[in-house]
Amino acid sequence: MSKTLVIVGHPDLENGSIANKLIVEQLAQQEDIEIRDLIRLYPDFRIDVETEQQALLEADTVVLQFPFFWYSVPAILKHWLDQVFCYGFAYGSTGDKLHSKRLIISTTIGGPEESYQSNGYNSFSIDQLLAPLKQTANLTGMIFEPLVSHSMVYIPGVYNVKEEVEERAREHARRLVASINSPNRMKEELADAAV
Ligand SMILES: Cc1cc2nc3c(=O)[nH]c(=O)nc-3n(C[C@H](O)[C@H](O)[C@H](O)COP(=O)(O)O)c2cc1C
């Protein structure tokens with residue numbers, strides 16, 4: 001039975017989230033998923049590295065669930081990566097512990113899709129902006145699988161309609177669950193490509 005670990009990198013899932021909260025609630029209804037909400041576990045940012053590494057060792061699929069902040073991951077998730085993906089565990093001559101696990105980058109993005117292109121107001125594509133995470137997967141031998149949704153920010157009277165953001169979040173959760181439940185897809189594609 002394959003196991004999925006979901007690392008939640010939202011700074012305030014309980015009181016400051018619409019999209020990620022809804023997505024995490026949907027994930028919580030699935031079997032064989034461990035959800036670790038970093039800010040709840042480590043409000044003081046003092047990550048228990050051993051516990052986090054153990055959770056990673058037990059998982060086949062790792063989901064990083066986060067809101068896109070300043071074209072990157074929120075601070076708590078960056079700190080988790082800095083602490084937990086360390087030499088000898090995630091990389092280096094004996095750092096093969098994450099090898100061949102799936103890394104699903106599941107992120108909610110405030111801006112609309114069309115803004116993420118060279119002539120849009122965000123100038124770069126999401127593929128380009130996710131390059132550091134893609135290379136993190138490369139270096140650690142993980143299988144990189146991005147899953148993004150746009151127009152996920154709700155600012156009353158300014159941006160979007162709350163119900164529409166919620167529907168997009170539910171759709172994101174559906175895609176994420178489907179992706180988690182097809183664990184061999186990427187491996188099969190890789191095997192096909194090698195033939
Ligand atoms: C500090 C901060 C930085 C953000 N940076 C970006 C950004 O770089 N690009 C973008 O499209 N949206 C950005 N947003 C919008 C968030 O991505 C959006 O609010 C979030 O995905 C919604 O998820 P939530 O309802 O779970 O909080 C930012 C929001 C905050 C609060």
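Here the structure is a predicted model, which is why all the values come from computation and not from measurement.

Asker: I'm lost on helix α4 (residues 75–84) in this one. Help?
Answerer: At 3.6 residues per turn, the α-helix brings residues three or four places apart onto the same side. Within α4, the full set of buried residues consists of Ile76, Leu77, Trp80 and Val84. Around the axis of α4, the buried residues are gathered within 100° of arc, so they sit on the same side. Each element contacted by the buried residues of α4 is listed here: β1 (4–8), α2 (38–41), α3 (49–57) and β3 (61–67).

Asker: Explain the packing of α3 against α4 here, please?
Answerer: Geometry of a packed helix pair, given as the angle between the helix axes and the separation of the axes. With their axes 10 Å apart at the nearest point, α3 and α4 run at an angle of 85° to one another. Overall, the two elements α3 and α4 adopt an arrangement that is roughly perpendicular. Across the interface between the two elements, Val49, Glu52 and Gln53 from α3 touch Trp80, Gln83 and Val84 from α4. Looking at the contact of α3 with α4 residue by residue, the classes come out as 3 nonpolar, 2 polar and 1 charged.

Procedures and definitions
- Residues numbered from 1 in each chain as written.
- Predicted model: local features only at pLDDT ≥ 70, side-chain atom pairs only at ≥ 80, totals over all residues.
- Buried ≥ 20, exposed ≤ 12 C-beta atoms within 10 Å, placed from the backbone.
- Helix = DSSP H or I, 4+ residues; strand = E, 2+ residues; numbered from the N terminus.
- Arc of directions from axis to C-beta.
- Contact = placed C-beta atoms within 7 Å.
- Axes fitted to C-alpha atoms, helices over the stretch in contact; angles between N-to-C directions.
- Parallel < 35°, antiparallel > 145°, perpendicular 65-115°, else oblique.
- Nonpolar A, V, L, I, M, F, W, Y, C, P; charged D, E, K, R; others polar.

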